[in-house]
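The lines below spell out each chain.
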Amino acid sequence: MKILEIHNIKKKFDDVEILKGISFSMEKGQTLSILGSSGSGKTTLLRCLNFLEIPDEGTITVNGDVLFFANTVDLRDENVRKNRRHFGMVFQQFNLFPQYTALENVVLAPKLEAKSKGEIVEIEEKGRELLRKMGLEDRMNNYPHQLSGGQQQRVAIARALALQPDILCFDEPTSALDPELTGEVLKVIKELANQHTTMIIVTHEIGFAKEVSDEIIFMDGGVIAEQGTPEQVIDNPSNERTKQFLANYLK
């Protein structure tokens, strides 16, 4: 069974159609990278998957359960929150709470749903373990302003993993980082890929996408212009727009 099935997702803002019918599917444990120029619809697609935006048309199915079927699915707040639990989102700008430590940022959301002191203890230990995996064992009690950009992004990744999502989504996870800090975040994502974490990564890091991805989608003008393995899309693209995009980025 496919872990994720997306069919004919459309989204417009006012009269501007941003997504013009996006369809794809993923197997559990796959890493999918989405490439494309600014304005091609990549971030809007991720926001639709996370229900930060509501699609105008289409279906979203996770593990065989239909989360969204335009105009028929109950989109009251409690159902939207439930649907979001399937997707962990790592944003460009980290979005950490400045008044909380690294550990507090990671465990905040799970603790809100805890029903006993025992669960809280368990959540906090899991948060510590996630931060250790991120290489932040000595930074758990630091506040965001005491962390580098790369460290903040690793805290954000741990926070997304703490809710045990089916699919981890990254929206340009290194775009707000200095080049010297980019490598430490990409290393963490690569390790997650090696552990067969199911991931969707919107990125401009072409070489990295080629290295970690099972499949790559190239978006252009709100549609999927090309889709296939890294070897197909990056090494041997068939679409002229894909060729032009790669030529610009691989100069």
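Residues numbered from 1 in each chain as written. Predicted model: local features only at pLDDT ≥ 70, side-chain atom pairs only at ≥ 80, totals over all residues. Heavy atoms only, no water.

## Concerning the sheet that holds strand E3 (residues 31-35)
Read from one edge to the other, the open sheet built from six strands follows the order E6-E7-E8-E3-E9-E10, with strand pairing classed as mixed. Every interior strand has two partners, whereas the edge strands, strand E6 (87-90) and strand E10 (223-228), have only one. The mean angle between the axes of side-by-side strands here comes to 20°, regardless of whether they run parallel or antiparallel. Looking at chain direction, E6 and strand E7 (residues 167-171) are connected through four bridges and run parallel. Residue pairing across strands places Val 90 opposite Phe 170, the latter belonging to E7. In this fold helix H9 (residues 240-249) packs onto E3, strand E9 (215-220) and E10, with an angle of close to 100° to the strand it touches most, E9. (Pairing = 2+ DSSP bridges. Helix = DSSP H or I, 4+ residues; strand = E, 2+ residues; numbered from the N terminus. Axes fitted to C-alpha atoms, helices over the stretch in contact; angles between N-to-C directions. Contact = heavy atoms within 4.5 Å.)

## Points about unusual backbone geometry
For Phe 94, which is not a glycine, the phi torsion comes out positive at approximately 70°. Tracing the backbone shows Phe 94 in the loop between E6 and helix H3 (102-112). A positive phi angle, near 50°, is found at Gln 164, a position not held by glycine. Turning to its location among the elements, Gln 164 is positioned in the loop between helix H5 (149-162) and E7.

## Digging into the pattern of salt bridges
With the rule as written, the count across this model stands at 14 salt bridges. The shortest N-O distance in the salt bridge between Glu 125 and Arg 132 comes to 2.7 Å. When its relative accessible area of 39% is taken as the criterion, Glu 125 is described as partly exposed. A salt bridge links Lys 243 to Glu 240, with the shortest nitrogen-to-oxygen separation between them at 3.3 Å. Remark: Glu 240 and Lys 243 occur in helix H9; sequence separation between them is three residues, near one turn of the helix. (Salt bridge = Lys/Arg side-chain N within 4 Å of Asp/Glu carboxyl O. Buried < 20%, exposed > 50% of the residue type's maximum accessible area, 1.4 Å probe, protein only.)

## Some points on the nonpolar core
In summary, soluble globular proteins display a tendency toward joint burial of nonpolar side chains. With 35 residues, the main nonpolar core has Leu 131, Ile 157 and Phe 170 as its most contacted residues. Counting only elements with at least two residues in this core, the list comes to H3, helix H4 (117-133), H5, E7, helix H6 (179-194), strand E8 (199-202) and helix H7 (206-212). Of all hydrophobic cores here, the second largest spans 29 residues; its members include Leu 19, Ile 34, Ile 217 and Met 219. (Core = buried A, V, L, I, M, F, W, Y, C linked by side-chain atoms within 4.5 Å.)

## With respect to the layout of surface pockets
Unfilled space is identified by rolling a water-sized probe across the atoms. By volume, the largest pocket amounts to about 750 Å³. Taken together, 22 residues line the largest pocket, and the ones lying closest to its centre are Arg 84, Arg 85, Phe 87, Ala 109 and Leu 163. Among the secondary structure elements, those contributing two or more residues to the lining of the largest pocket are helix H2 (77-84), E6, H3 and H5. Across the lining of the largest pocket, the residue classes break down as 13 nonpolar, three polar and six charged. Taken as a whole, the second largest pocket spans an internal volume of roughly 450 Å³. If you go around the second largest pocket, you meet 19 residues; those closest to its centre are Leu 161, Pro 165, Leu 192, Gln 195 and Thr 197. At the level of secondary structure, the elements contributing two or more residues to the lining of the second largest pocket comprise H4 and H6. Tallied by class, the residues present in the lining of the second largest pocket amount to eight nonpolar, six polar and five charged. (1 Å grid on protein atoms, 1.4 Å probe; cavity = no way out; pocket = protein on both sides within 12 Å on 5 of 7 lines; lining within 4 Å. Points joined across faces, edges and corners; volume = space filled by probe spheres on them. Nonpolar A, V, L, I, M, F, W, Y, C, P; charged D, E, K, R; others polar.)

## Side note on the environment of Arg 81
One can find Arg 81 in helix H2. For Arg 81, a relative accessible area of 51% translates into the label exposed. A sequence separation of 120 residues divides Arg 81 from Ile 201, and the C-alpha atoms of the two residues are 22 Å apart.

## Quick word on the state of the cysteines
Per the counting criterion, the structure on display carries zero disulfides. Here Cys 48 is not disulfide-linked; the sulfur of Cys 169 is the nearest cysteine sulfur, at 12 Å. Using a relative accessible area of 1% as the deciding quantity, one classes Cys 48 as buried. With relative accessibility at 0%, the residue Cys 169 sits in the buried group. (Disulfide = S-S within 2.5 Å.)

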